[in-house]
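Here are the chains, one letter per residue:
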Amino acid sequence: MGSNFASIHIFDPSLSVDQRAFSEDYLNKLHDVNLEYQKRIQMYCNNPSIFGICSENNLTESVRESLKRELLLQRNAVCFKRQNGFLSSFDDSFTFETIEKAARDISGLISSPLLYASTYDDDIFLAGVYVCEKCLTQHVAGNLHCLKEYGLQRINADPNVLCNCFDVQNRASIERFCKQRSAQKSQSTLEIALEICLDD
């Protein structure tokens, strides 16, 4: 079994993003999601038969555990690391399945370009660029069988977007990345091109 990771990298060479303020905005967004989640949970608790569950106690215990995990996530500060002009986050809440939505939501809190990246089992690599909740380009690479299972197709990122958004001087390195079809080679060539680590 291969490795999995999901991360977000905000291009911030001028150090203009206030990490603390950003963390608070991000956690407030999580808090809003949690409030909505709690409302749905309450509805489920009031009518457990919706799920064909006879014992309300079992449902409530399961719900309590889920809420505990969600609220713990909300209390934890977002972990940041500065690297080569990027403010990178390797938050534990990011997953292969949720990273793009997280990237879109976070890009709405800032004006800087944002890169997200993720791998699944070393078989699939995803990356994309968001600015103000708009996806400018995506890269999807990996094993064709696994891509098909996830309903994905190979996509080559636009080198112009990557070079312009992240002020890349070595265009050849970005073009090498954009041609990659392998998940592992995609990750390594993008890390070389941007001179950052995508996986903490």
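So, a few notes on the structure that sits alongside this text. All values derive from a computational prediction rather than experimental measurement.

## Brief notes about the overall build of the chain
Right, on to step 1. Looking only at helices and strands, the chain has seven helices and six strands in total.
Right, on to step 2. Along the chain, helices and strands appear, N-terminal first, in the series β-α-α-β-β-α-β-β-β-α-α-α-α.
Right, on to step 3. Look at the contacts in the chain between residues 6 or more apart in sequence, and 58% of them connect residues 24 or more apart.
Right, on to step 4. For the chain, the computed accessible surface area is about 11,100 Å², with 48% contributed by carbon and sulfur atoms.

## Details of helix H6 (residues 171-178)
Right, on to step 1. Restricting attention to buried positions, one finds in H6 the residues Ser 173, Ile 174, Phe 177 and Cys 178. One side of H6 carries all its buried residues, which in axial view fall inside an arc of 140°.
Right, on to step 2. Each element contacted by the buried residues of H6 is listed here: strand E5 (124-131), strand E6 (134-142), helix H5 (159-166) and helix H7 (183-194).

## Points about the pattern of salt bridges
Right, on to step 1. Across all of its chains, the model carries four salt bridges by this definition.
Right, on to step 2. Note that Arg 104 and Asp 105 form a salt bridge whose closest N and O atoms lie 3.8 Å from each other.
Right, on to step 3. Judged by relative accessible area, which is 16%, Asp 105 ranks as buried.

How each quantity is defined
Position numbers for residues count from 1 along each chain, tracking the sequence in the order it is written. Predicted model: local features are reported for residues with pLDDT of at least 70 only, side-chain atom pairs are reported and counted for 80 or more only, and whole-chain, interface and lining totals are derived from all residues. Only hydrogens and water are set aside; all other atoms, that is, all heavy atoms of the structure, feed into the side-chain values. Secondary structure elements follow DSSP: runs of H or I no shorter than four residues count as helices, runs of E no shorter than two count as strands, and numbering proceeds from the N terminus. Between two residues, a contact is recorded if the distance between any of their heavy atoms is within 4.5 Å. In this description, accessible areas are obtained by the Shrake-Rupley approach with a 1.4 Å probe, and a residue is regarded as covered only by the protein chains that are shown. To sort residues, take the accessible area from a 1.4 Å probe on protein chains only and compare it with the maximum for the residue type: under 20% means buried, over 50% means exposed, and anything in between is partly exposed. Our arc is simply the arc of the directions from the helix axis toward the C-beta atoms. Note on definitions: salt bridges are taken to be side-chain nitrogens of Lys or Arg within 4 Å of carboxyl oxygens of Asp or Glu.

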